[in-house]
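For reference, the chains in residue letters:
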Amino acid sequence: MTPSPTPLNRRDFLSKTAAGIGAGLVLGAPRTAHAATDASDKIHVALVGVGKQGRVLFEAMSNIPGLHFQAVCDIWDYNRQGGIAKVRALQGHTPKGYSDIDEMLATEKGLDAVIVATPDFWHSPHTVKCLEAGLNVYCEKMMSNTIDGARAMVHAMEKSGKLCQIGHQRRSNPRYRYVLDQLINGNKICGQIVNVNGQWNRAVNSSQDIGFNPKLTIKQDILTKYGFKDMQQFMNWRTYRDLSGGPISDLGAHQIDIFNWFLGVPPKSVFASGGHDFFKKREHFDNVMAIFDYDTPQGGVRAFYQVLTTTSAGGGYYESFMGTQGNIRISEQTAYTSIYREDSAPSWDSLVSRGFLKKQAAPPKPEPAPGAIASYESAAPEGFELPGDISKPPHQPHLENFFAAVRGQATLNCNARHAFESEAPIYWVNPSALSRLPIEFTAQHLTV
Ligand SMILES: NC(=O)c1ccc[n+]([C@@H]2O[C@H](COP(=O)([O-])OP(=O)(O)OC[C@H]3O[C@@H](n4cnc5c(N)ncnc54)[C@H](O)[C@@H]3O)[C@@H](O)[C@H]2O)c1
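Residues numbered from 1 in each chain as written. Predicted model: local features only at pLDDT ≥ 70, side-chain atom pairs only at ≥ 80, totals over all residues.

## Some details on the overall build of the chain
Helix and strand counts for the chain come out as 18 helices and 16 strands. Each principal axis of the C-alpha atoms in the chain carries an extent, and together these give about 75 × 55 × 40 Å. Residues classed as buried in the chain amount to 44% of the 448 residues present. The long-range share in the chain, meaning contacts at least 24 apart out of those at least 6 apart in sequence, stands at 73%. (Helix = DSSP H or I, 4+ residues; strand = E, 2+ residues; numbered from the N terminus. Buried ≥ 20, exposed ≤ 12 C-beta atoms within 10 Å, placed from the backbone. Contact = placed C-beta atoms within 7 Å.)

Given below as structure tokens:
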């Protein structure tokens, strides 16, 4: 796997987090050193796909100085007008609107970058077109609904020499970078990592089909032209096999990417199971469980991942790295993040005194178990916290990294090749679950 770029040190982490504010350290100054003020210095940006995520990205970009939002492209008039209105409200000018990306690329002059937040099956055609037009691209994850679509994106990035950042935003998240660079690799607090698990569990009521207002539909000829059977499919593209990889790629992509990035090697196999347990008419499995086996330089690791759309039990979404000396559970959400030292591990007092970790107040002692049970129980682990917390919207650091790279002041934290190497195993989860057979990876499965 291609190693992650420049490691994040403790001081950098504090400077990017809320602890840094209290400590009076230099706060997350954008790496756009000559934060553009005059028009010629601005990065000219087009937004393609301004649905839910397109707007989340736009709001995060509104905090980044030196950007000019020149054009908005979306096939749905309702979202296009909404996107234009949002740019007007937050940026004070009206961008040009397009319903078709080809028309936008043929008409707009002087663009530097395009933000692609369309449904997954459009990512590859949109990204390849933009790269071939000489533009830098930030494209949302999952790279594509097919592994060949993802391969085409890597080829187009490398052939064009342009930048292509994939929206695995945790790759730029100071919490993730600090945990990997300082706690797991630097201070090796987990000892030997032997097991990993991760999950994204959602309740039935937050997984229901998305409805629409019959007065705000798209004409059938437009839907057909852009690959949607009808309005129901347009709104719920995530549940269709030709348009998306389903929950394992929509949600699992974030977390299986972390498994592969943190372990530094791709898995050697996957074995998965999935079912239409509740949403029986959906093309994709509603619940999927997958086990990946790894050979890391420290030894074998098994990683278990589950994505459930039928229960939120078990507390949200996170990835856990479980080692012989410590356990780090990490998430974009502070509430799901926790760190424990195994009772048998050497003391972490010096990590605390040097500011790498903060000690948690000791939890109340459990009632003593009966003798026979106690002999099988491990002692309660000691809890710790990170020394700082994140103060920016979750996508902002990744977008900052992209625009700093456009200015030639940074390298991308997750270019199309990094993303491909990490995403490739995910494309094989559904085939394993469908065939009910394990897949031993060969170069053909995992290489561009
Ligand atoms: N990184 C993250 O945390 C994160 C979170 C949510 C979604 N996403 C990703 O963002 C992307 C968009 O997801 P969403 O939830 O916003 O979906 P959405 O359906 O709400 O929005 C998609 C938008 O794209 C438009 N569109 C569809 N086809 C188009 C085309 N050919 N040309 C131009 N516009 C087109 C639609 O009209 C819609 O406005 C997906 O790839 C998703 O995986 C990422």
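Right, picking up where we left off after that structure.
## Some remarks on the site of the ligand
Among the 24 residues in the neighbourhood of the ligand, the closest are listed as G49, G51, Q53, W76 and E140. Mapped by element, the contributors of at least two residues to the shell around the ligand are α3 (52-61) and α6 (120-132). No other element matches the 3 residues that α3 contributes to the shell around the ligand. When the residues that make up the shell around the ligand are grouped by side-chain class, the tally is 10 nonpolar, 8 polar and 6 charged. (Near = placed C-beta within 6 Å. Nonpolar A, V, L, I, M, F, W, Y, C, P; charged D, E, K, R; others polar.)

## Considering the sheet that holds strand β3 (residues 96-98)
The strand order across the open sheet built from 6 strands is β3-β2-β1-β4-β5-β6, with neighbouring strands paired in parallel fashion. Strand pairing shows two members of the sheet lacking a second neighbour, β3 and β6 (164-166), which therefore form its edges. The average undirected angle you get between the axes of adjacent strands in this sheet is 20°. Relative to strand β4 (residues 113-116), strand β1 (residues 43-48) runs parallel, the two being bridged by 4 bridges. Bridge pairing in β4 links V45 to A113. Each of β1, β4, β5 (136-139) and β6 is contacted by α6, which is oriented at about 165° to β5, the strand it contacts most. The sheet contacts of helix α15 (residues 396-406) involve β1, β2 (67-73), β4, β5 and β6, and relative to β5 the element is tilted by about 170°. (Pairing = 2+ DSSP bridges. Axes fitted to C-alpha atoms, helices over the stretch in contact; angles between N-to-C directions.)

## What about the nonpolar core?
Among the nonpolar cores identified, the biggest contains 106 residues, and L47, V114 and M153 are the most heavily contacted of them. Looking at this core, the element that brings in the most residues is helix α12 (residues 252-263), giving 7 residues. Residue assignment places this core across two domains, with domain 1 (10-171 + 395-416) and domain 2 (174-385 + 421-446) each supplying three or more. In this structure, V114 is in contact with A46, V48, C130, L135 and V137, ignoring residues within four places of it in sequence. Residues I75, W122, W237 and L243 belong to the second largest nonpolar core, which totals 9 residues. (Core = buried A, V, L, I, M, F, W, Y, C linked by C-beta atoms within 7 Å. Domains from an automatic or database assignment.)

## With respect to the sheet that holds strand β7 (residues 193-201)
With mixed pairing, the 10 strands of this open sheet are ordered in space as β14-β15-β13-β12-β11-β7-β10-β9-β8-β16. Of all strands in the sheet, those bounded by a partner on one side alone are β14 (358-359) and β16 (439-440). Both strand β9 (residues 287-296) and strand β10 (residues 299-308) contribute to a ladder of 10 bridges, which runs antiparallel. Its bridge partner being in β10, N287 is matched across the sheet by L308. Here helix α8 (residues 174-186) sits on the sheet in contact with β11 (317-323) and β12 (326-330), set at roughly 165° to β12. Together, β7, β9, β10 and β11 form the strand contacts of α12, whose direction differs from that of β10 by roughly 170°.

## Quick word on the domain arrangement of the chain
Split by domain assignment, the chain resolves into domain 1 (10-171 + 395-416) and domain 2 (174-385 + 421-446). Put simply, the middle of domain 1 and the middle of domain 2, counted by C-alpha atoms, are 26 Å apart. Residue-level contacts link 20 residues of domain 1 with 27 residues of domain 2. Among the elements of the structure, α1 (10-15), α6 and α7 (147-160) are those that each provide at least two residues to the side of domain 1 that touches domain 2. Looking at the side of domain 1 that touches domain 2 residue by residue, the classes come out as 11 nonpolar, 3 polar and 6 charged.

## Details of the pairing of β4
Residues A113 and I115 point to one face of β4 and V114 and V116 to the other, with burial holding for every one of them. With 4 bridges joining them, β4 and β5 adopt parallel strand pairing. Following the sheet pairing, V114 is matched in β5 by V137. Chirality of the crossover, the property in question, places the unit of β4, α6 and β5 among those that are right-handed. (Right-handed = clockwise from strand over helix to strand, strands pointing away.)

## Focus on the environment of S353
With respect to the helices and strands, the residue S353 is situated in helix α13 (residues 349-353). Distance in space between the C-alpha atoms of S353 and A60 is 35 Å, their sequence separation being 293 residues.

## Here we look at helix α4 (residues 77-91)
Given 3.6 residues to a turn, an α-helix orients residues that are three or four positions apart in the same direction. Taking 1.5 Å as the rise per residue, α4 with 15 residues should run 21 Å; its terminal C-alpha atoms sit 21 Å apart, in good agreement. Restricting attention to buried positions, one finds in α4 the residues G83, I84, K86 and V87. Down the axis of α4, the buried side of the element spans an arc of 160°, and every buried residue falls inside it. Exposed positions of α4 whose direction lies more than 90 degrees from the buried face are A85 and A89. Residues of α4 that are buried make contact with β1, α3, β2 and β3. Of the residues one or two after α4, G92 is the one with positive phi, at around 80°. (Expected span 1.5 Å × (residues − 1). Arc of directions from axis to C-beta.)

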